[in-house]
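The primary structure of each chain is shown beneath.
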Amino acid sequence: MDTVILNLEPIVHLTQEQFYQLCMANRELNLELNAKGDLIIVPPVGGESGNQEADLITDLNNWNRQTKLGKVFSSSTIFRLPNGANRSPDAAWIRLERWEALTPEEREKFPPICPDFTIELRSRTDTLKPLQEKMQEYLANGLRLGWLINPQNNQVEIYRANQPVEVIFLPSVLSGEDILPGFELPLE
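Residues numbered from 1 in each chain as written. Predicted model: local features only at pLDDT ≥ 70, side-chain atom pairs only at ≥ 80, totals over all residues. Heavy atoms only, no water.

Draft legend 1. Seen up close, the overall build of the chain. When helices and strands are tallied, the chain shows five helices and 13 strands. Over its C-alpha atoms the chain spans a radius of gyration of 16 Å, differing by no more than 12% from the 16 Å that the globule rule assigns to 188 residues. In terms of overall dimensions, the chain has a C-alpha envelope of 45 × 35 × 30 Å along the principal axes. The 188 residues of the chain split such that 45% are buried. (Helix = DSSP H or I, 4+ residues; strand = E, 2+ residues; numbered from the N terminus. Rg over C-alpha atoms; globule rule 2.2 N^0.38 Å. Buried < 20%, exposed > 50% of the residue type's maximum accessible area, 1.4 Å probe, protein only.)

Draft legend 2. Here's a closer look at the sheet that holds strand β4 (residues 70–74). The strand order β4-β7-β8-β9-β10-β11 describes an open sheet built from six strands, whose pairing is mixed. What marks the edges here is a single partner per strand, and that holds for β4 and β11 (166–169). Taken pair by pair, the neighbouring strands of this sheet meet at an average axis angle of 15°, ignoring direction. With six bridges joining them, strand β9 (residues 145–150) and strand β10 (residues 155–160) adopt antiparallel strand pairing. The residue of β10 that forms the bridge with Gly-146 is Tyr-159. Its contacts with the sheet place helix α2 (residues 47–67) against β4, β7 (91–95), β8 (117–121) and β9, and it is angled at close to 170° to β4. (Pairing = 2+ DSSP bridges. Axes fitted to C-alpha atoms, helices over the stretch in contact; angles between N-to-C directions. Contact = heavy atoms within 4.5 Å.)

Draft legend 3. Molecular detail of the pattern of salt bridges. Across all of its chains, the model carries twelve salt bridges by this definition. Across the pair Arg-87 and Glu-32 runs a salt bridge, and its minimum N-O distance is 2.7 Å. Of the two residues, Arg-87 sits in strand β6 (residues 86–87) while Glu-32 sits in strand β2 (residues 30–33), which places them 55 residues apart along the sequence. Summarising the burial analysis for this pair, Arg-87 and Glu-32 share the class buried. Residues Arg-95 and Glu-97 are paired through a salt bridge, measuring 2.8 Å at the closest nitrogen-oxygen approach. (Salt bridge = Lys/Arg side-chain N within 4 Å of Asp/Glu carboxyl O.)

Draft legend 4. Quick peek at the packing of aromatic side chains. Inspection of the entire model under this criterion finds eight aromatic pairs. Here a set of aromatic residues connected by ring pairs shows up, and it is made of Trp-63, Trp-93, Phe-117, Trp-147 and Phe-183. The cationic tip of Lys-109 hangs over the ring face of Tyr-20; the distance from NZ or CZ to the ring centre is 4.9 Å. (Phe/Tyr/Trp six-rings, centres within 6.5 Å; stacked < 30°, edge-to-face > 60°. Lys NZ or Arg CZ within 6 Å of the ring centre and 35° of its normal.)

Draft legend 5. Inspection of the state of the cysteines at higher detail. Counted by the stated rule, this structure contains zero disulfides. Its sulfur unpaired, Cys-23 is 18 Å from the next cysteine sulfur, which belongs to Cys-114. With a relative accessible area of 8%, Cys-23 lands in the buried category. For Cys-114, a relative accessible area of 3% puts it in the buried group. (Disulfide = S-S within 2.5 Å.)

Draft legend 6. Here's a closer look at helix α1 (residues 16–25). For α1, every residue scored as buried is listed here: Phe-19, Tyr-20 and Cys-23. Buried residues in α1, looked at end-on, bunch into an arc of 100°, giving them a common side. (Arc of directions from axis to C-beta.)

Draft legend 7. Quick look at the pairing of β11. Bridging between β10 and β11 involves four bridges; their strand directions are antiparallel. The residue of β11 that forms the bridge with Val-156 is Ile-168. Turn length for the β10-β11 hairpin, with the two strands adjacent in sequence and antiparallel, is five residues, and the turn residue Asn-162 shows positive phi of about 60°.

Have a look at this one:
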């Protein structure tokens, strides 16, 4: 199954609450909403991609449990970005003080915050360009560091605020730099 994008604007403009209710009524679907109001239906991933994604989240969470610097989120978490988009990265991390600044209600629904760090893992069913656009959208909304891991091309695109995208080739070890101090992720 490929990603499906529905342009709803000619008919309806979903409010944040309507999008939240739509997601709750269709829990079996992975839904996102871009800033233009397009509803994005993201297909499920296969076993290999799901396993790789779980490894990434585990490594990030293990580091975070040691440092206690923030909160880690899975691909099931939808973030309400400042531009109005509702996006779900494969893995995300938010500094603790930023997370704690949200109200309990904001934390319960789709948090109105852009993660400080995200990972997008390109699965075999993903087209590269929409993932690159999604990473740029995170940057435009406050992302500090992001990794687009592309096993099909044996490379990683590193996104940093106010810097050009850096492309490195696998195998490699990715550094969390000053955003995730001490975090390293070996990729083969």
